[in-house]
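# Secondary and tertiary structure notes
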Amino acid sequence: NLDAATVDWADNLTQAERIICTDAQTSGGLLLAFPADRVDEAVTGLINSSAPAAAIIGHITDARGIVRVQRSM
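Residues numbered from 1 in each chain as written. Predicted model: local features only at pLDDT ≥ 70, side-chain atom pairs only at ≥ 80, totals over all residues. Heavy atoms only, no water.

## A few points about the overall build of the protein chain
Assigned secondary structure in the protein chain consists of 3 helices and 2 strands. Helices (α) and strands (β) of the protein chain occur, in sequence order from the N terminus, as β-α-α-α-β. Put simply, the protein chain has 73 residues, and 8% of those count as buried. Taking as baseline every contact in the protein chain between residues at least 6 positions apart, the subset at least 24 positions apart corresponds to 66%. Accessible area of the protein chain: about 6,500 Å², with a carbon and sulfur share of 56%. (Helix = DSSP H or I, 4+ residues; strand = E, 2+ residues; numbered from the N terminus. Buried < 20%, exposed > 50% of the residue type's maximum accessible area, 1.4 Å probe, protein only. Contact = heavy atoms within 4.5 Å. Areas by Shrake-Rupley, 256 points an atom, 1.4 Å probe, with all protein chains shown as cover.)

## Overview of the pattern of salt bridges
For the structure on display, the rule yields 3 salt bridges. The salt bridge partner of Glu 41 is Arg 38, with a shortest N-O separation of 3.0 Å. Judged by relative accessible area, which is 43%, Arg 38 ranks as partly exposed. (Salt bridge = Lys/Arg side-chain N within 4 Å of Asp/Glu carboxyl O.)

## Quick look at unusual backbone geometry
The residue Ser 50 is not glycine, and still its phi comes out positive at about 65 degrees. Its place among the elements puts Ser 50 in the loop between α3 (39–48) and β2 (66–69). Residue classification places Ser 50 among the exposed residues on the basis of a relative accessible area of 64%.

## Comments concerning the environment of Ala 36
Tracing the backbone shows Ala 36 in the loop between α2 (24–27) and α3. Owing to a relative accessible area of 76%, Ala 36 belongs among the exposed residues under this scheme.

Here is the structure:
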């Protein structure tokens, strides 16, 4: 039964990185969601306002089941 998402962690992620990704103290406020047609505008706005970081890290789908967590670089 995959009613809840299952997390598939990349093998090269350390325990500390896994904790950072799931700790409510660090994950809250780090992610923003925008409609697909406004993403570029949002990232540009963040960069222009001197935000410490701005990057597209994923997208929301209606798929259910497995969440893959891996480094992007």
